[in-house]
Amino acid sequence: LPHKRIVAYYGNFYSKGMGVLGEYPEDVMLDKLRAAVAEWEAADPSTPVIPAINYIDVTAQGSAGKDGKYRLRMPDTQIDKALEIAHKVNGIVILDIQVGLSNLQTELPLLETYLSMPEVHLGLDPEFAMHNGTPPGRVIGSFSSADINWAATYLAGLVKEHNLPPKVMIVHRFTEDMVTGYQNIKPLPEVQIVMD
């Protein structure tokens, strides 16, 4: 970014209700993604399009689970599947995180192997970042600018350590309060932060 456009298909392979990735068989979904990429290429030929598989890897849950954190981590086989699908369209993978009552400091290092790959980027869902013991889905959650800055700094460290191109970090925000103190987010050359 900003010299290329990312067209991303979002979801979880286990769920038909979380987005297009789980809604259709892989071949149908890929045909739809290719068609969407072609539409953008036709609409704006001057901006190259990168297809993306935006996979929700850590999903908020309605039940607490064994550790009481109201989130479920997907097995690595599902991330591997997202990578395989992205390779079929010369695309990238965005791993989406819904922390529930966990936090980014716990969840991101568990994905370091994948986030150290040049084609893997990060998505954050503040909606499901809960506080004060409130389970996900009851109220809209939030990340603070400190959370966003921590995640960006973590990614920047991986970029430097592995000599990677800049990472894209997408923050899915549909209310202003979902990212508190957003004015204090500090841009870094290694991380391209997108408020979506």
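Residues numbered from 1 in each chain as written. Predicted model: local features only at pLDDT ≥ 70, side-chain atom pairs only at ≥ 80, totals over all residues. Heavy atoms only, no water.

A. Region of interest: helix H6 (residues 145-162). Here H6 contains 18 residues, and its C-alpha end-to-end distance of 26 Å stays within 8% of the 26 Å for a straight helix at 1.5 Å per residue. Listed in full, the buried residues belonging to H6 are Ser 145, Asp 147, Ile 148, Asn 149, Ala 151, Ala 152, Tyr 154, Leu 155, Ala 156, Leu 158 and Val 159. One or two steps after H6, the chain reaches Asn 163, where phi turns positive at roughly 55 degrees. (Helix = DSSP H or I, 4+ residues; strand = E, 2+ residues; numbered from the N terminus. Expected span 1.5 Å × (residues − 1). Buried < 20%, exposed > 50% of the residue type's maximum accessible area, 1.4 Å probe, protein only.)

B. Spotlight on the pairing of strand E7 (residues 167-171). Burial within E7 is extensive, with five of its five residues counted as buried. Burial of the side chains of E7 extends over both faces: Lys 167, Met 169 and Val 171 are buried on one face and Val 168 and Ile 170 on the other. As paired strands, strand E5 (residues 120-124) and E7 are joined by three bridges and run parallel to one another. Paired with Gly 123 across the strands is Ile 170, a residue of E7. Looking at chain direction, E7 and strand E9 (residues 191-195) are connected through five bridges and run parallel. Counted as the bridge partner of Val 168 is Gln 192 from E9. (Pairing = 2+ DSSP bridges.)

C. Layout of the packing of aromatic side chains. Inspection of every chain in the model, using the stated rule, returns two aromatic pairs. Between Phe 13 and Tyr 55, the aromatic rings sit 4.6 Å apart at their centres with planes inclined by 25 degrees, giving stacked as the arrangement. Linking Phe 13 in the loop between strand E1 (5-11) and helix H1 (20-23) with Tyr 55 in strand E2 (residues 49-60), this pair joins segments that are 42 residues apart in sequence. Here the two residues Phe 13 and Tyr 55 agree in accessibility, since each one is buried. Taking 5.4 Å as the distance between ring centres and 10 degrees as the angle between the ring planes, the aromatic pair formed by Trp 150 and Tyr 154 counts as stacked. Pair noted here: Trp 150 and Tyr 154 are both in helix H6, with a separation of four residues, about one helical turn. Trp 150 gets classed as partly exposed once you look at its relative accessible area, which sits at 28%. For the cation-ring pair, Lys 32 lies above Tyr 24, with the distance from its terminal atom to the ring centre recorded as 4.8 Å. (Phe/Tyr/Trp six-rings, centres within 6.5 Å; stacked < 30°, edge-to-face > 60°. Lys NZ or Arg CZ within 6 Å of the ring centre and 35° of its normal.)

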